[in-house]
Amino acid sequence: MSVPEIMHGFVDIDGVKIFYRETGPRDGPTLLLLHGFPSASHQYRRLMDALGSRYRLIAPDYPGFGHTEMPDDFAYSFEALTDVVEGFVERLGLKRFVLYTFDFGGPVGLRLATRHPEWITRLIVQNANAYEEGLSELARNTINSPAEALGDLFTLPVTRSQYEGGTSDPSHVAPDGWTLDQHFLDLPGRKDAQLALALDYRSNVELYPVWQAWLRERQPPTLIIWGRGDAFFPEPGAHAYLRDLPEAELHLLDTGHFALEEKLHEIVPLIDRFLGRLSMKIAVIGATGNLGGAVAREAAARGHQVTALSSADLDVRDPESIRKAIAGHDAVVASVKGPDRLVPKAASALAEAGVGRLLFVGGGGSLLAPNGERFVDSPRFPAEYKQTALDQADALDILRRNEAAVEWTYLSPPPMHLVPGDRTGTYRAEAGDTPVTDAQGESRITVGDFASAAVDALERNAFIRERFTVGY
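Every chain is numbered independently, its residues counted from 1 as its sequence is written. Per-residue local features of the predicted model are confined to residues with pLDDT of at least 70, and side-chain atom pairs are confined, for both listing and counting, to 80 or more; whole-chain, interface and lining totals are unaffected and use all residues. No hydrogens and no water enter the side-chain calculation; it runs on all heavy atoms of the structure.

## Section: the packing of aromatic side chains
Step number 1: To pair, rings of Phe, Tyr and Trp, with the six-membered ring standing in for Trp, must have centres within 6.5 Å; the planes then decide the type, stacked if under 30 degrees apart, edge-to-face if over 60, and tilted in the middle. Across all of its chains, the model carries 20 aromatic pairs by this definition.
Step number 2: Both rings, one in Phe 78 and one in Phe 104, keep their centres 4.9 Å apart while their planes meet at 70°; by these two values the pair is edge-to-face. Of this pair, Phe 78 sits in helix α2 (residues 78–92) while Phe 104 sits in the loop between β5 (97–102) and α3 (105–115), and the two are 26 residues apart along the sequence. Across the pair, exposure class does not vary: Phe 78 and Phe 104 are buried alike.
Step number 3: On the basis of an interplanar angle of 65° and a centroid distance of 6.2 Å, the ring pair of Tyr 163 and Trp 178 is categorised as edge-to-face. A residue pair is termed long-range when its members are at least 10 positions apart, and Tyr 163 in helix α5 (residues 156–164) and Trp 178 in helix α6 (residues 176–185) qualify at 15 residues.
Step number 4: By relative accessible area, Tyr 163 is classed as buried at 1%.
Step number 5: Three or more aromatic residues link up through ring pairs in this structure, and these residues are Phe 37, Tyr 62, Phe 65, Phe 78, Phe 104, Phe 154 and Tyr 201.
Step number 6: Stacked on the ring of Phe 10, the Lys or Arg Lys 17 has its end atom at 5.2 Å from the ring centre.
Step number 7: Here, a charge over a ring is recorded when the distance from Lys NZ or Arg CZ to the ring centre is within 6 Å and its angle to the ring normal is within 35 degrees. The ring of Phe 274 has Arg 122 sitting right over it, with the charged end atom 5.9 Å from the ring centre. Secondary structure counts use DSSP, requiring at least four H or I residues in a row for a helix and at least two E residues in a row for a strand, with both numbered from the N terminus. Relative accessibility decides the category of a residue: with a 1.4 Å probe and only protein chains considered, values under 20% of the type maximum give buried, values over 50% give exposed, and everything between is partly exposed.

## Some points on the pairing of β5
Step number 1: Counted residue by residue, β5 has 6 buried out of 6 residues, so it is predominantly covered.
Step number 2: Note on pairing: DSSP must find at least two bridges between two strands before they are called paired. The pairing of strand β3 (residues 30–34) with β5 spans 4 bridges and is classified as parallel. Bridge pairing in β5 places Leu 33 opposite Tyr 100.

## Focus: the pairing of strand β17 (residues 466–471)
Step number 1: A large share of β17 lies buried, amounting to 5 of its 6 residues.
Step number 2: For strand β13 (residues 407–412) and β17, the ladder comprises 4 bridges, and the chain directions are parallel. Counted as the bridge partner of Leu 411 is Phe 468 from β17.

## Considering the sheet that holds β17
Sheet strands pair by backbone hydrogen bonding; their relative direction is either parallel or antiparallel.
Step number 1: Taken together, the 7 strands give an open sheet; going across it, the order is β10-β9-β11-β12-β13-β17-β15, and neighbouring strands pair in mixed fashion. Each of the sheet's edge strands pairs with one partner strand only, and the pair in question is β10 (305–309) and β15 (428–431). Strand-to-strand twist in this sheet, taken as the mean axis angle between neighbours without regard to direction, amounts to 20°.
Step number 2: Where strand β9 (residues 281–285) lies against strand β11 (residues 331–334), 4 bridges are found, and the strand directions are parallel. Bridging across to β11, Ile 285 finds its partner in Ala 334.
Step number 3: The strands that helix α16 (residues 447–460) touches are β9, β11, β12 (357–361), β13 and β17; relative to β12, the one it contacts most, it runs at about 160°. With axes taken as lines fitted to C-alpha atoms, and helix axes fitted only over the stretch in contact, angles between N-to-C directions fall between 0 and 180 degrees. We call two residues in contact whenever any of their non-hydrogen atoms come within 4.5 Å of each other.

## Let's talk about the side chain of Gln 194
Step number 1: The residue Gln 194 is located in helix α7 (residues 190–200) in this model.
Step number 2: Judged by its relative accessible area of 3%, Gln 194 is buried.
Step number 3: Not counting chain neighbours up to four residues away, the residues in contact with Gln 194 comprise Phe 37, Gly 64, Phe 65, Phe 104, Phe 154 and Leu 185.

## Observations regarding the sheet that holds strand β1 (residues 6–13)
Step number 1: The 8 strands lie next to each other as β1-β2-β4-β3-β5-β6-β7-β8, forming an open sheet whose pairing is mixed. Every other strand in the sheet has two partners, leaving β1 and β8 (249–253) as the edge strands with one partner each. Here the strands of the sheet are splayed against their neighbours by 20° on average, with no regard to which way each runs.

## Some remarks on the nonpolar core
Step number 1: Residues belong to one nonpolar core when they are buried, are Ala, Val, Leu, Ile, Met, Phe, Trp, Tyr or Cys, and are joined through side-chain atoms within 4.5 Å. In terms of nonpolar packing, the biggest core is built from 61 residues, with Leu 32, Phe 88, Val 89, Phe 97 and Tyr 241 touching the most fellow members.
Step number 2: The leading source of residues in this core is α2, at 8 residues.
Step number 3: Core analysis: the next-biggest nonpolar cluster, separate from the first, contains 29 residues, Val 98, Tyr 100, Ile 124 and Phe 274 among them.

## Here's the deal with the packing of helix α12 (residues 290–301) against α16
Step number 1: Packing of α12 against α16 leaves a shortest axis separation of 8 Å and a crossing angle of 60°. What the angle tells us is that α12 and α16 run oblique. In the crossing of α12 with α16, the sense of the turn from one axis to the other is right-handed. Listed contacts from α16 to Asn 290, Leu 291, Ala 294, Val 295, Glu 298 and Ala 299 of α12 are Val 447, Phe 450, Ala 451, Ser 452, Ala 454 and Val 455.
Step number 2: In this classification, the charged set is Asp, Glu, Lys and Arg, the nonpolar set is Ala, Val, Leu, Ile, Met, Phe, Trp, Tyr, Cys and Pro, and all remaining amino acids, among them Gly, are polar. Across the contact of α12 with α16, the residue classes break down as 9 nonpolar, 2 polar and 1 charged. Oblique is the label for any angle not under 35 degrees, not over 145, and not in the 65 to 115 range, which are roughly parallel, roughly antiparallel and roughly perpendicular in turn. If you view the pair so one helix is near and one far, a crossing is left-handed when the near helix is turned anticlockwise from the far one by less than a right angle, and right-handed when it is turned clockwise.

## Here we look at the pattern of salt bridges
Oppositely charged side chains can form a pair if their charged atoms are brought close together.
Step number 1: One speaks of a salt bridge when a side-chain nitrogen belonging to Lys or Arg is within 4 Å of a carboxyl oxygen belonging to Asp or Glu. Summed over all chains, the structure comprises 25 salt bridges.
Step number 2: Across the salt bridge formed by Arg 228 and Glu 235, the nearest N and O atoms sit 3.3 Å from each other.
Step number 3: The class for Glu 235 is partly exposed, based on a relative accessible area of 24%.
Step number 4: The shortest N-O distance in the salt bridge between Asp 394 and Arg 341 comes to 2.9 Å. Residue Asp 394 is located in helix α15 (residues 383–401), and its partner Arg 341 is located in the loop between β11 and α14 (342–352); the two are separated by 53 residues in the primary sequence.
Step number 5: A relative accessible area of 38% places Arg 341 in the partly exposed class.

Pasting the structure below:
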């Protein structure tokens, strides 16, 4: 039985001390858990226990919530909350993650997604509304009420009702959540902060069309989990997502707003299956070639959606052609060869095209021999492969010099022994410019394991802005 360790800490973002919880393997798929009103990161404690042995989960408290500490002059709005969460994500160095949105996490998370679409690998929506039909009459009245009519919103009976309302069996809902929420609501200044956000909620409704357009354009793989007894965000709000995300997975549960409180045992398997599939949309440029084809087959075998692209589908030297061909994909694999310096030209075009996540299948000739010399510079290097190896070395230099927001990875095979063979899964992968060698000093790997290493790097979001190589 594996029980994850949970770390608690603070990060200073322009004077705001953001409290957060974190658990799970740092090289595992990352989930950013955005909480709702009037709660904080503590609402995810049981979920982190359930999933933290397999996934990296990070849950911050917004300004005005939980343990986060704010300066007295902090101006509360949903834009301001998003500014802080954006700084938090950047400070932690999160580049690609699953976004979990609940309640207030919807407007914060979708603002974040439209600012940084390249960050979001997939989306989990749990009673986080983004559609007009997802607003109940109670919600509309609350959003449009003046300040003097909202005082009761921050009292214990209302806080408790958000947890118990709509549930199948209130006895399954622990009192700890609403008790702790009310404790934080009763701290000095917190009700004023929450009132400011309640009055600003109409700004979220105004942005619904923008968020819906983002969903239609980006088509993130999405899991929708919805407590159908939610008094604020009723069931039509869940179905509405399917207009823009027809491939989304929707599950309606017989519970209320805080669905995790009563239905954790049903929700955890849904999330685990959703993340376990890790279904990315991967465009493979050069899928008709030996290595590109092997990577495409490996990715497809793991359940990813693979688009095989050849010279008939795009001009790999043209950034605009690349942009059109890869639109809507989570990652791009480029495995190209050709005359007239096609490889470095492709590297330049891919960088200019703004590919969010790029795995460039390069060469091993630019790796360093024990004497510090590049293999390609040795007089013993086969003459028929020399120009290709030099072109691949130039492509690596181009990517390393690139300052655009391209999350590239350059994968080099062994300099000599990339051999036919199936995947074994026992390879070693290391970042750097020297080959991975075995006890006899030989660098060797099969095409099957080479392809496996490529897909593993994409799934784990590993070796960002690095060259890595593989061997036994």
